[in-house]
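One-letter residues, chain by chain:
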Amino acid sequence: MSWSMQSLPDFTDEDFERWRKLLEERSGIHLVPQQRTFLKSQLSIRMRELGGISADDYYNQLRDGVRGMVEWSNLLDRLVVKETSFFRHIPSFDFIRNQVLQKIASGQMGSSFDVWSVGCATGEEPYSLAMLLNECFSLAESNVFWGVQATDISLQALNYGRKGIYPLRKADMVDSDI
């Protein structure tokens, strides 16, 4: 069998634990034992792309200064889920809308209001939040300064989101009134 079709020959419990600890220490990502096969396959694919290096060599490469940081970013992009769309979970956005409108109506809103979109992937969620907040503050004729901060572990996803250009299908859940 050619190298391109092979996975890691042995991926012991100790190997999984070593990679799990590295991921948790560096990124806060916590893998459970059920994700062992996923991790093994993603590592195998990346090591093949790098010319068939060994798991130990790859592990050491990830810990090697700037070169390791760049490769670490490549590996994280393989491991994180980037599934998102505009207004992906309507009940969550309804909840936020109600909370913001209630806060405005009760006079509890200060002079500014900030929202943080953690794990924003390619940006559809923070843009959705911006549309929602614009709607809320416009309806209330409020002069509150508001903003949305968006963060993600994937630099590739953030770069995509910064462009703000999406295929039309991503807007399927957007209300035409917004």
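Attention in this report is confined to the structure presented alongside it.

What counts, and where the lines are drawn
- Residues numbered from 1 in each chain as written.
- Predicted model: local features only at pLDDT ≥ 70, side-chain atom pairs only at ≥ 80, totals over all residues.
- Heavy atoms only, no water.
- Salt bridge = Lys/Arg side-chain N within 4 Å of Asp/Glu carboxyl O.
- Helix = DSSP H or I, 4+ residues; strand = E, 2+ residues; numbered from the N terminus.
- Buried < 20%, exposed > 50% of the residue type's maximum accessible area, 1.4 Å probe, protein only.
- Contact = heavy atoms within 4.5 Å.
- Core = buried A, V, L, I, M, F, W, Y, C linked by side-chain atoms within 4.5 Å.

What follows is about the pattern of salt bridges. Where charged atoms from two side chains of opposite charge approach closely, those side chains can pair. Tallying each qualifying case throughout the model produces ten salt bridges. Of the charged contacts, one joins Arg97 and Glu135 as a salt bridge, the two residues approaching to 3.1 Å between their closest N and O atoms. Taken together, the positions of Arg97 in helix 5 (residues 90–105) and Glu135 in helix 6 (residues 124–139) put the pair 38 residues apart, joining distant regions of the chain. On the accessibility criterion, Arg97 (19% relative accessible area) is buried. Glu135 sits in the partly exposed class, given a relative accessible area of 25%. Residues joined by salt bridges that share partners form a network here, namely Arg46, Glu49, Glu71 and Arg78.

Structurally, the position occupied by Ser128 is in helix 6. Residues contacting Ser128, with those up to four places away along its chain left out, are Phe86, Phe87 and Phe93.

Turning next to the nonpolar core. Trp19, Leu39, Tyr58 and Leu75 are the most contacted members of the largest nonpolar core, which totals 17 residues. When residues of this core are traced back to their parent elements, those giving at least two are helix 1 (13–27), helix 2 (36–49), helix 3 (55–62) and helix 4 (65–79). In contact with Leu39, not counting residues within four places along its chain, are Phe11, Phe16, Trp19, Leu23, Leu31 and Leu79. The next biggest cluster of nonpolar side chains, apart from the first, holds 15 residues, and it includes Phe87, Met109, Phe113 and Leu129.

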